[in-house]
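Chain residues, written in single-letter form:
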Amino acid sequence: MPGLVSVKTPPETASLRISVPETPTQSQSQRSEPGSAKPPSPLPKRVPSPSPSRSKFSPRKPPPDPEMNPNSESALDNPDLGPFLLKLARDTIASGEGPTKALDYALRASKSFERCAVDGEPSLDLAMSLHVLAAIYCSLGRFDEAVPVLERAIQVPDPPRGTDHALAAFSGHMQLGDTYSMLGQVDKSIACYEEGLKIQIETLGESDPRVGETCRYLAEAHVQAMEFVRAEELCKKTLEIHRAHSEPASLEEAADRRLMALVFEAKGDYETALEHLVLASMAMIANGQDTEVAAIDVSIGNIYTSLCRYDEALFSYQKALTVFKSSKGDNHPSVASVFVRLADLYHRTGKLRDSKSYCENALRIYAKPVPGTTAEEIAGGLTEVSAIYESVDEPEEALKLLQKAVKMLEDKPGHQSTIAGIEARMGVMLYMVGRYEEARNSFESAIVKLRASGERKSAFFGVVLNQMGLACVQLFKIDEAAELFEEARGILEQECGPCHQDTLGLYSNLAATYDAMGRVEDAIEILENVLKLREEKLGIANPDFEDEKRRLAELLKEAGRTRDRKAKSLENLIDPSSKKTKKEVTKRWPSLGFRI
């Protein structure tokens, strides 16, 4: 799934891979490890039964007619050729000969199955060959070509016909969801997972353990899409299923509670998150999982830090650091991640020298990573270190680290949303140091990626639009700024409500922009609405109230003047809250999960 900078992925999370399946469910069977980001295939791993006409055919043997050229188009009508070519495709991948040759075999196998299919009868062999074909496309990085293949594959099975058909349909939807995820199209990915879960529940019932695995898989997808309400529902369902079918304090329950803690942490309910983490830690201790206990200790330290319980946070981090150093080595990324957490903790407590020292220690590890370290781990660490450098007024150094992070991820599929989040952060920093053209370009690049990934309706997207609008104002691109503010207005009103601080700040920016464009009546209407909201629902103690009241009075006073009235400077028109200090800006963005 696409990483967002707002939610911390649990340590030891495995990166998503798509490989050529031996059965339609192999891509899901890789999800069974407790520390994996996604659970295993929740349907039984049964190979679809071959049709009666082929039940005695062995794909280890060549096609029965030695005179027929298997490469000819006419040979595709031979019902024994499809299984033979599919076996060749798998053997080619297994032998390491490369996916290109396997792709040709899989394409011809699918064509053969298509031709030999009986009219009106769904062919599970065809569905399986399409799954293999799509997996090969994905292994080549050709995800766009895999999508139509999988869309065809999910139309083949007929789930009411039995478990085999349900298995093929479920597998197809989950594989299609994985492919959309690698393309960064989060909304389509989640829709496929939801459909797969629906088919599975109809086949196995709501309390089957495999349904629980799928619920957890889908819950993490919702967490990374910042859809925490649905994620919490799925987490609770998963926990109920595993508690009913597993021993107390099982590894499955521990994994469920860690994900539940992520949800509550993202929602700001730190006490509940802490409860789940403590229970997860106890389960891991009971099962002798020392490294996983250390990873949970890091998460517990994060919660204590959020609660300003710094001594307890320090103790948790030090425990984790000791275990990681002894089990993984001094230069492992897990050690660097704890260094970053300690750097943040010491920065919060005013020990800036210690904070910088830990940052430098972490950067040394990221500069010379041990074998097996992924680009995602390094990029995530650089992003976190950059936040600390920014908070100690070293924006140039922070920008360099973010640029390195983007460069490491730009060629990796499935990270478009993560890159967009980093670019948005870079835009904020560039704006604060007065590099408005670069800020605008950075915001624009982030917006393009967010639109492509289907996040155009999220509150985060609305905030990025607002920030790009502010950069356009500084560049005197007023018409462009107005368009951005107007689009952001519709999103923030829908996602946050009219009384949210981000929405109110946007109203002020839009009113100022309308005034600069000569649309005085529109500006007056917006400011009157803002003052009404503050007076009736939010109170008038907010310092922005008097400023907005004064601005409205000026507009009303000038509303009857001719168009020759003296134009206002944009510096005076723009919402003062858009020029907040660095500390104030930092307070606004975390409410949407965007740490700067």
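Residues numbered from 1 in each chain as written. Predicted model: local features only at pLDDT ≥ 70, side-chain atom pairs only at ≥ 80, totals over all residues. Heavy atoms only, no water.

Novice: Would you take a moment to explain the overall build of the protein chain for this structure?
Specialist: Within the protein chain one finds 26 helices and zero strands. Out of the 596 residues in the protein chain, the part that is buried amounts to 52%. Long-range contacts, defined here as pairs at least 24 residues apart, represent 63% of the contacts in the protein chain between residues at least 6 apart. Counting only carbon and sulfur atoms, one obtains 49% of the accessible surface of the protein chain, whose full area is about 26,600 Å². (Helix = DSSP H or I, 4+ residues; strand = E, 2+ residues; numbered from the N terminus. Buried < 20%, exposed > 50% of the residue type's maximum accessible area, 1.4 Å probe, protein only. Contact = heavy atoms within 4.5 Å. Areas by Shrake-Rupley, 256 points an atom, 1.4 Å probe, with all protein chains shown as cover.)

Novice: Help me understand the environment of G381, please; the structure alone is not making it clear to me.
Specialist: With respect to the helices, strands and loops of the structure, G381 is situated in helix 16 (residues 375–391). On the accessibility criterion, G381 (2% relative accessible area) is buried. Between the alpha carbons of G381 and S334 there is a distance of 9.8 Å; along the sequence they are 47 residues apart.

Novice: Would you take a moment to explain the environment of R309 for this structure?
Specialist: Within the secondary structure layout, R309 lies in the loop between helix 12 (290–306) and helix 13 (310–328). Taking relative accessible area as the criterion, R309 reaches 29% and is therefore assigned partly exposed. Sequence-distant contacts of R309, that is, excluding residues within four places in its chain, are made with E271, L274 and Y304.

Novice: Is there a simple way to think about the pattern of salt bridges in this case?
Specialist: It is possible for side chains bearing opposite charge to pair when their charged atoms get close. Counted by the stated rule, this structure contains 28 salt bridges. The partner of E292 in a salt bridge is R258, with the nearest N and O atoms 2.6 Å apart. Within this pair, whereas E292 is found in helix 12, its partner R258 is found in helix 10 (residues 251–266), the two being separated by 34 residues in sequence. Note on E292: relative accessible area 15%, which makes it buried. Linked by salt bridges that have partners in common, E194, R230 and E233 make up one network. (Salt bridge = Lys/Arg side-chain N within 4 Å of Asp/Glu carboxyl O.)

Novice: Please clarify how helix 18 (residues 416–432) should be interpreted in this entry.
Specialist: Along an α-helix, residues three or four apart share an orientation, since each turn contains 3.6 residues. Taking 1.5 Å per residue as the helical rise, helix 18 with its 17 residues ought to reach 24 Å, and the 24 Å between its terminal C-alpha atoms agrees with that figure. Taken across its 17 residues, helix 18 has 15 buried, putting it largely inside the fold. Directly beyond the C-terminal end of helix 18, a positive phi value near 85 degrees is found at G434. (Expected span 1.5 Å × (residues − 1).)

Novice: Can you walk me through a nonpolar patch on the surface in this structure?
Specialist: There is a patch of nonpolar side chains on the surface, built from V278, L279 and M282 and spanning about 250 Å² of accessible area. Within the secondary structure, V278 is located in helix 11 (residues 270–286). (Patch = residues over 30% accessible without salt bridge, like charges linked within 9 Å, V, L, I, M, F, W, Y side chains within 5 Å.)

Novice: How should the packing of helix 20 (residues 459–474) against helix 21 (residues 478–495) be read in this particular structure?
Specialist: The interhelical angle for the contact between helix 20 and helix 21, taken along N-to-C directions, is 160 degrees, at an axis separation of 8 Å. Here helix 20 is positioned roughly antiparallel relative to helix 21, judged by the angle of their axes. The handedness of the crossing between helix 20 and helix 21 comes out as left-handed. Counted together, A459, F461, G462, V463, L465, N466, M468, G469, L470, C472 and V473 of helix 20 and I478, E480, A481, L484, F485, E487, A488, I491, L492 and E495 of helix 21 form the full contact between these two elements. Residue composition of the contact of helix 20 with helix 21, grouped by class: 15 nonpolar, three polar and three charged. (Axes fitted to C-alpha atoms, helices over the stretch in contact; angles between N-to-C directions. Parallel < 35°, antiparallel > 145°, perpendicular 65-115°, else oblique. Left-handed = near helix turned anticlockwise from the far one by under 90°. Nonpolar A, V, L, I, M, F, W, Y, C, P; charged D, E, K, R; others polar.)

Novice: Before we go on, may I ask you to explain the side chain of S110 in this structure?
Specialist: Topologically, S110 is positioned in helix 3 (residues 99–116). In terms of polar contacts, S110 uses its side chain to reach the side chain of S129, at 3.3 Å. Discounting chain neighbours no more than four positions away, the residues touching S110 are L126, S129, L130 and L133. (Polar contact = N/O pair within 3.5 Å; in protein donor to acceptor, adjacent residues only side chain to side chain.)

Novice: Can you help me understand the packing of helix 15 (residues 352–367) against helix 16 in this one?
Specialist: Any two packed helices are characterised by how steeply their axes cross, that is the angle between the axes, and by the distance between the axes. Between helix 15 and helix 16, whose axes approach to 10 Å, the crossing angle comes to 160 degrees. By the criterion of interaxial angle, the relationship of helix 15 to helix 16 is roughly antiparallel. Here the hand of the crossing between helix 15 and helix 16 comes out left-handed. Residues S355, C359, E360, L363 and Y366 of helix 15 touch helix 16, and the partners they reach there are E377, I378, G381, L382, V385, I388 and Y389. Of the residues in the contact of helix 15 with helix 16, the class split is eight nonpolar, two polar and two charged.

Novice: I'm lost on the confidence of the model for the protein chain in this one. Help?
Specialist: Reading fine detail from the predicted coordinates is not recommended where pLDDT is low. Per-residue pLDDT for the protein chain has a mean of 80; in total, 79% of the residues score no lower than 70. The low-confidence segment residues 1–64, where pLDDT is below 50, has 170 contacts with residues more than four positions distant or belonging to other chains. Low confidence marks residues 561–596, where pLDDT is under 50. Its contacts with residues over four positions away, or in another chain, come to 74 contacts. (pLDDT = per-residue confidence, 0-100.)

Novice: What is the right way to read the packing of aromatic side chains from this model?
Specialist: Here the distance between the centres and the angle between the planes together describe a pair of aromatic rings. Across all of its chains, the model carries four aromatic pairs by this definition. On the numbers, 5.1 Å between centres and 70 degrees between planes, the contact of Y193 with Y217 is edge-to-face. Pair noted here: Y193 is in helix 7 (residues 186–204) and Y217 is in helix 8 (residues 209–224), with a separation of 24 residues, a long-range link. The same class applies to Y193 as to Y217, namely buried. (Phe/Tyr/Trp six-rings, centres within 6.5 Å; stacked < 30°, edge-to-face > 60°.)

Novice: Before we go on, may I ask you to explain the environment of V223 in this structure?
Specialist: Here V223 shows up in helix 8. Taking relative accessible area as the criterion, V223 reaches 1% and is therefore assigned buried. Sequence spacing of V223 and L262 is 39 residues, and the spatial spacing of their C-alpha atoms is 7.9 Å.

Novice: Would you mind going over helix 15 with me for this structure?
Specialist: Between its first and last C-alpha, helix 15 extends 22 Å over 16 residues, near the 22 Å set by a 1.5 Å rise per residue. Where helix 15 is concerned, the buried positions are S355, C359, A362, L363, I365 and Y366. One side of helix 15 holds all its buried residues, which, seen down the axis, span an arc of 155 degrees. Of the residues in helix 15, the exposed ones pointing more than 90 degrees away from the buried face are R353, R364 and A367. On its buried face, helix 15 is in contact with helix 14 (333–348), helix 16 and helix 17 (395–409). (Arc of directions from axis to C-beta.)

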